[in-house]
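Below are the chains, spelled out letter by letter.
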Amino acid sequence: MSEELVKSVQEMLKEETWTRATISNYTKNNLMELSEIVEKARNENCVEEVKKICDEQLAHTKDSIIALYISGMLGLKQGDLDNSSLVNLVDIFEKNHKEPVVTYLCESILDIDPNNKFALRTLAEIYRNANDDKAWEIYEKIVKIDYEEAEIAKILAEHYENAGDSDNATAYYKKALLRFVNAKNMTAVKETWTRLVSMIPDEIDFFLLVQRKIEKSISADKSALLMHDLYPYYKDNSKWDTAIDILKIILTIDPKDNWARNEIAACFKGKYADHSNVEEYIRSSNLNSSFRNVFEAINDFEKHIAFDAKNFVYHRTWGVGIIRKVENDKLQINFGKKNGVKEMSLKMAVSALQPLAKDHIWVLKATQSKEALVKKFKEDKDKSWALKTIIRSFGNSCDLKRIKAELVPSILTPGEWTSWNTAAKKTLESDPTFGINPNNINEYMVRDKKISTEEKLSNEFKAQKQFMPRVEVFGKYLDTEEADKENDFFSEMYNYFVGFLKAFSQVNENVVGSYLVVQEVSSRLPNLAYKPSFSFAELYKEIDNPRKMYEDLKDGKSIKLQDKFLESIKLLPNWVDQYILLFPTVLKKSMLDDLVKAGQTEKVQKLAATAFENYKDYREAVLFFFENCQKDEWFKSANISTQKQLISIVNIIGQTYREIDNHIDTTENKKIGKNAKKLIFGDEKSPVNVFADYMLSCSQEEMTHLYTLVDDISELEPTIKQGLRNRILEKYPDYKFRTHEEKSSTPKGMLVTKAKLDEKKALEQKMQTIDIPAIAKEVADAKEKGDLKENAEYIAAKEAQHKLNNDLKRLQGELARAQIFDPTTATTSMVSFGTVVVLTDNNSGKDEKYTIMGPWESDPDAGIISYMSPFGNQLLDSKVGETLEFTINEHKYNYTVKSIKLAK
């Protein structure tokens, strides 16, 4: 059947003749007939053959309507990026004034590709020429899907302005302006900026945003000229602060702009019209004189004007004060009861004092009682008042560290700060009056007007300078349901990722991450889909180390880049081998399940066997298989014995201790070791000791071998070994342990009771927070009393300080080794920690009673001895009826163990 279709197309192309008369006779019906051929080619799976014939025809007859239509439509249905055949076809019909045919053709293209920009533009022009309102709907769609389209945005703005729809007109003028800036079309920028200044002059944040963009991407001087146009509105309406800010921007760009310099002086006169010395301060600061640096002059003026009666100031020694009187060049300032009233010249005040606003946090602390201030902060439910007060106190840019310093402990306790901080973070994120400092991602700002969620997230995106944090912000935007995904804030962020794909030359995590981000947007928002010039398969071939790539994508959690990476890999022809390669890094059960479902059980079993065989290289995979796959049929039939699994994990534990001793990946090794011990020995939450249960199910010879493997790890916690010994003695009461070998390798840990550990931790806290600061003060006080060589008080204080520091270091070392003794592991089958032993002295016949505890609990006078002392160590592991002979410090001992019971 397909052969017949191919021949039929060949015949049609041979018969086709191209004349102007033929084109003029073409109708919609002719294209519908060609459309049927396209569908037949797809249904009969001969698309490639038919398209090839048409392309060959176009090679020598470029205006073949049949070839252009069939090749173009087949390519479009296949998702080809090149639609030049259809563009040429439309052009032919447009030149011959066949509007109905062009309309049908464009609509057919849009049925297949709803976002085809060429078809949309052509159709919109046809409708607009016919005065059909459908043109405006299509124009809106073009502006939504084409983030670079500025002219049509401007046309829409003018359309809505003429229709009296100011909201839509403003929105489209804004889009047009931002896009003209991106296109660096300064003529259009100037025209659109002027229009918006006449419509929305109050939206200062928007204009400042555009000014920054122009300064960065086009020209600082041109951005300043635009601010000249905005300034008159704020001056004429006496909005002095904003007018002054605009002039400061202009002067920052051109400090020699005399017009701006004179205007800022005029604005200061307007702002401080009620101040008696404003003229004098403008004169003395040389604000109107071009010879002085303009910002030095502004700074001088602002400091002088701030020193007026009833204003607050701050001195680094005297604290907060209030200006009581200003006479001539003298200031009288009250610094409170402690520091009293001070007098100084205005010149000294300018250099020594910092002016403070009446609502500065330092002023509030100085003028209100602590009780009143605490109450006010606690009544501030969403923390917005407190946040605004503190942030504005420090130049309207402040991080949480600074905020904490102002609140703790003067207003909030450390405990109260935790919950306050959590609530404050929610407000900072959700309240549109707060924003991120674009120059420092850690600092927050307060805005005079609320900004949209979109702009807030856009500012946060710009403040982030690294790729993965930007992915996080973009993912937050994408997940925010109410956030507009069709505005220029979103497009600017989205184009950041698209840009990596357009400029792709060498693969890295930014390119792969961008590909996955763009794919996610394309799946969620099909109208914004971007088709890269390469496939994921082509991208993946360029990745040298897929495991490392997976790890590098770990920070993109909001869009789940790692999951998207795996999903994309699963669509590859060789996904099975790639999953096997990646699993030891990824460690996801779903990967194993997918492989088993795909009939790849043998490969999964081989992977598991390889992991246990080469446990040094597959440590985390070994632990994963042991914890998560024991009940899986494929694992049960993999013939990996329980003994092999347990021995592998014991060896992993030993390896982690060795690497920790050698300072190799200490944090990672501690984490792996802790997890391994929990899996086989249990913990408080999961007390099942899998190792002990299996060990005791073996023959005595195998049991000894398994216990020895654990016992040989000298760094392992004594409680684990003690627990295993107790379980062995329960089954084999007469079992003999390797006492000599065991005692020759003393565990590094130190058994302690919980009560004693708590006591020592409290002592450490006291030494750090009370004793050491106190002795440091003694040293400082003594140092001020003269010659240090003959200062007995200083020497004594230094010696005491040295001893205290050494005591603290020793205590901290012991705390690091301390292991809490688990009372449930105590046994009376042998002498051990937590037992009371009665010994009969075979020389005197008298009984001696000892309680075996740790070094911290030791009290020889009370019969409590440390298991780590020479005497206590000789008693360990002995049983009732055993005779003990040993020598310590040339004294010979001869005892028989009479009884063993648990200590209270």
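All values reported here derive from a predicted model rather than from experimental measurement.

A short note on the packing of helix 24 (residues 400-407) against helix 25 (residues 414-430)
Put simply, helix 24 and helix 25 touch, their axes get as near as 12 Å, and they point 140° apart. Between helix 24 and helix 25, the interaxial angle falls into the category oblique. Along this stretch, helix 24 crosses helix 25, giving a crossing that reads as right-handed. For the pair helix 24 and helix 25, contact is made by Leu400, Ile403, Lys404 and Leu407 and by Trp417, Trp420, Asn421, Lys425 and Leu428, respectively. Among the residues forming the contact of helix 24 with helix 25, the class breakdown is 6 nonpolar, 1 polar and 2 charged.

Some points on helix 25
Compared with an ideal rise of 1.5 Å per residue, which puts 17 residues at 24 Å, helix 25 spans 25 Å between its outermost C-alpha atoms and is within 8% of the ideal. Along helix 25, the residues that are buried comprise Trp417, Trp420, Asn421, Ala424, Thr427 and Leu428.

What about the sheet that holds strand 6 (residues 398-399)?
In space, the 3 strands of this open sheet follow the order 6-8-7, with antiparallel pairing throughout. Whereas interior strands pair on both sides, the edge strands pair on one side only; in this sheet they are strand 6 and strand 7 (434-437). Sheet topology note: the strand 7/strand 8 (residues 440-446) ladder contains 4 bridges and is antiparallel. Among the inter-strand pairings, Gly435 is bridged to a residue of strand 8, identified as Met445. Strand contacts of helix 26 (residues 453-463): strand 7 and strand 8, with the helix running at about 15° to strand 7, the strand carrying the most contacts.

Describing the nonpolar core
Ranked by internal contacts, the top residues of the largest apolar core, which has 114 residues, are Val50, Tyr69, Ile70, Phe93, Trp193, Leu230 and Phe307. Sorting elements by how many residues they give to this core places helix 5 (residues 65-78) first, with 9 residues. Once residues lying within four places of it in the same chain are set aside, the contact partners of Phe93 are Ile23, Tyr26, Ile65, Lys98, Val101, Val102 and Leu105. Among the nonpolar cores identified, the runner-up in size contains 102 residues, and Ile559, Val576, Cys629 and Phe737 belong to it.

Comments concerning helix 32 (residues 561-569)
The set of residues buried in helix 32 consists of Leu561, Gln562, Phe565, Leu566, Ser568 and Ile569. The buried residues of helix 32 occupy an angular sector of 160° when the element is viewed end-on, so they sit on one face. In the core, the buried residues of helix 32 are packed alongside helix 27 (467-479), helix 29 (509-524), helix 30 (536-541), helix 31 (546-552), helix 33 (575-586) and helix 34 (589-597).

Concerning the pattern of salt bridges
The full count for this structure, using the stated rule, is 53 salt bridges. When the shortest N-O distance is used, the salt bridge between Glu203 and Lys174 registers 2.5 Å. Taken together, the residues span a long stretch of sequence, with Glu203 in the loop between helix 12 (186-199) and helix 13 (204-217) and Lys174 in helix 11 (residues 166-183) at a distance of 29 residues. You can call Glu203 partly exposed: its relative accessible area is 31%. The salt bridge involving Asp563 is made with Lys588; its shortest N-O contact spans 2.4 Å. On the criterion of sequence distance, the pair formed by Asp563 in helix 32 and Lys588 in the loop between helix 33 and helix 34 is long-range, its members being 25 residues apart. Its relative accessible area of 27% is what places Lys588 among the partly exposed residues.

Side note on the sheet that holds strand 15 (residues 891-902)
Pairing is mixed across the open sheet formed by 5 strands, whose spatial order is 13-12-11-15-14. Taken across any chain shown, the strands that pair with only one partner, and hence form the sheet edges, are strand 13 (864-866) and strand 14 (883-888). Here the average twist between neighbouring strands, direction ignored, is 45°. One ladder, built from 3 bridges, connects strand 12 (residues 847-853) with strand 13; its direction is parallel. Opposite Met853, over in strand 13, you have Ser866 as the bridge partner.

Some thoughts on the confidence of the model for the protein
A residue-level look at the protein finds 97% of positions with pLDDT of 70 or above and a mean pLDDT of 89. Scored below 50 in pLDDT, residues 740-747 shows 10 contacts in the model against residues more than four places distant or in partner chains.

Some details on the layout of surface pockets
Taken as a whole, the second largest pocket spans an internal volume of roughly 1700 Å³. When contributions to the lining of the second largest pocket are tallied by element, the ones reaching two or more residues are helix 38 (642-661), helix 39 (666-681), helix 42 (718-731), helix 45 (792-817) and strand 10 (818-820). Here the element with the most residues in the lining of the second largest pocket is helix 39; it accounts for 8 residues.

Thresholds applied
Residues numbered from 1 in each chain as written. Predicted model: local features only at pLDDT ≥ 70, side-chain atom pairs only at ≥ 80, totals over all residues. Heavy atoms only, no water. Axes fitted to C-alpha atoms, helices over the stretch in contact; angles between N-to-C directions. Helix = DSSP H or I, 4+ residues; strand = E, 2+ residues; numbered from the N terminus. Parallel < 35°, antiparallel > 145°, perpendicular 65-115°, else oblique. Left-handed = near helix turned anticlockwise from the far one by under 90°. Contact = heavy atoms within 4.5 Å. Nonpolar A, V, L, I, M, F, W, Y, C, P; charged D, E, K, R; others polar. Expected span 1.5 Å × (residues − 1). Buried < 20%, exposed > 50% of the residue type's maximum accessible area, 1.4 Å probe, protein only. Pairing = 2+ DSSP bridges. Core = buried A, V, L, I, M, F, W, Y, C linked by side-chain atoms within 4.5 Å. Arc of directions from axis to C-beta. Salt bridge = Lys/Arg side-chain N within 4 Å of Asp/Glu carboxyl O. pLDDT = per-residue confidence, 0-100. 1 Å grid on protein atoms, 1.4 Å probe; cavity = no way out; pocket = protein on both sides within 12 Å on 5 of 7 lines; lining within 4 Å. Points joined across faces, edges and corners; volume = space filled by probe spheres on them.

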